[in-house]
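Breakdown of the fold
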Amino acid sequence: MAILELQKISKAFGGVQAVDGLDLGVEKGEILGLIGPNGAGKTTTFNLISGVYPPSRGRVLFEGKDITGMKAHKVVIMGIARIFQITSLFRGYTVLENVLTGFHLYLRSGLWSSLFPTTESINRYRG
Ligand SMILES: Nc1ncnc2c1ncn2[C@@H]1O[C@H](COP(=O)(O)OP(=O)(O)OP(=O)(O)O)[C@@H](O)[C@H]1O
Ligand SMILES: [Mg+2]
């Protein structure tokens, strides 16, 4: 069974049909590339999967659950993360610190302990 499944998803921006009835299944462990000319709808497809906006039609299933139209901050908790075509780094951060900016999803600390970390919580963060 596909871990990620797109069922006839479509997205129109006004009169522009960016994605039109796309069916796609990704198996667990599979590495899949999406190739197409400029404006083919690749980025739009990733935006539909990651919840940047909902599809006009069709469904997105992840691990058998319907995540169609789910907001991006909820989709990322489900385990789907994306990077952008034009990437940027935090200037002045080390490589490790840049990587760690996406790591907060795996931490269980709340707002208070994030603002006022203890030595113990910092050591836990450093592993
Ligand atoms: N937010 C938007 N509002 C209006 N039109 C959009 C929007 N995003 C994409 N489009 C249009 O939808 C179509 C598909 O664009 P998309 O960015 O998905 O293509 P792409 O395959 O990622 O292209 P590229 O190879 O240039 O990155 C294009 O005609 C584009 O102009
Ligand atoms: Mg693109």
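What comes next is a walk through the structure. Within any chain, residue numbers begin from 1 and follow the written order of that chain's sequence. Whichever chain is written first is A, and whichever ligand is written first is 1; the rest continue in order. In view of the model being predicted, local features appear only for residues whose pLDDT reaches at least 70, and side-chain atom pairs are presented and counted only at 80 or more, with totals across whole chains, interfaces and linings using the full set of residues. Here the side-chain values reflect all heavy atoms present in the structure, with hydrogen atoms and water set aside.

Regarding helix α1 (residues 42-50)
- The buried label applies to any residue whose accessible area, calculated with a 1.4 Å probe on protein chains only, is under 20% of its type's maximum; exposed applies above 50%, and partly exposed to all values in between. Numbering of helices and strands runs from the N terminus; a helix is a DSSP stretch of H or I covering at least four residues, while a strand is a stretch of E covering at least two. Within α1, burial applies to T44, T45, N47, L48, I49 and S50.
- Looking at the buried positions of α1, the neighbouring elements they touch are β1 (4-13), β2 (16-26), β3 (57-62) and α2 (72-78).
- Note on α1: the residue one or two positions beyond its end, G51, has a positive phi of about 85°. Contacts are residue-level and defined by heavy atoms, with any inter-residue pair within 4.5 Å sufficient.

Looking at the nonpolar core
- The nonpolar core is taken to be a set of buried Ala, Val, Leu, Ile, Met, Phe, Trp, Tyr and Cys residues, with the residues joined through side-chain atoms within 4.5 Å. One finds L4, L6, I9, V19, V26, L48, I49, V60, F62, I67, V75 and I80 forming the largest nonpolar core, which totals twelve residues.
- Counting only elements with at least two residues in this core, the list comes to β1, β2, α1 and β3.
- It is β1 that contributes the most residues to this core, three residues altogether.
- If sequence neighbours within four positions are ignored, I80 has contacts with L4, I49, F62, I67 and V75.

What about the site of ligand 1?
- Any residue with a non-hydrogen atom lying within 4 Å of a molecule or strand is treated as near it. With respect to spatial proximity, the complete set of residues near ligand 1 consists of F13, V16, A18, P37, N38, G39, A40, G41, K42, T43, T44 and Q85.
- Polar contact is the term for a pair of N or O atoms within 3.5 Å; when the atoms are in protein, one must be able to donate a hydrogen and the other to accept it, and sequence-neighboring residues count only if both atoms are side-chain atoms. For ligand 1, an oxygen atom lies 3.1 Å from a polar atom in the side chain of N38.
- Between ligand 1 and K42 there is a distance of 2.8 Å, counted from an oxygen atom to a side-chain nitrogen or oxygen.
- For ligand 1, whose free accessible area comes to 640 Å², the fraction covered by protein is 61%.
- For the shell around ligand 1, the element with the highest residue contribution is α1, accounting for three residues.
- Here the shell around ligand 1 is composed, by residue class, of five nonpolar, six polar and one charged. Accessible surface area values rest on a Shrake-Rupley calculation with a 1.4 Å probe, where residue burial reflects the displayed protein chains alone. Charged means Asp, Glu, Lys or Arg here, nonpolar means Ala, Val, Leu, Ile, Met, Phe, Trp, Tyr, Cys or Pro, and polar covers whatever is left, Gly included.

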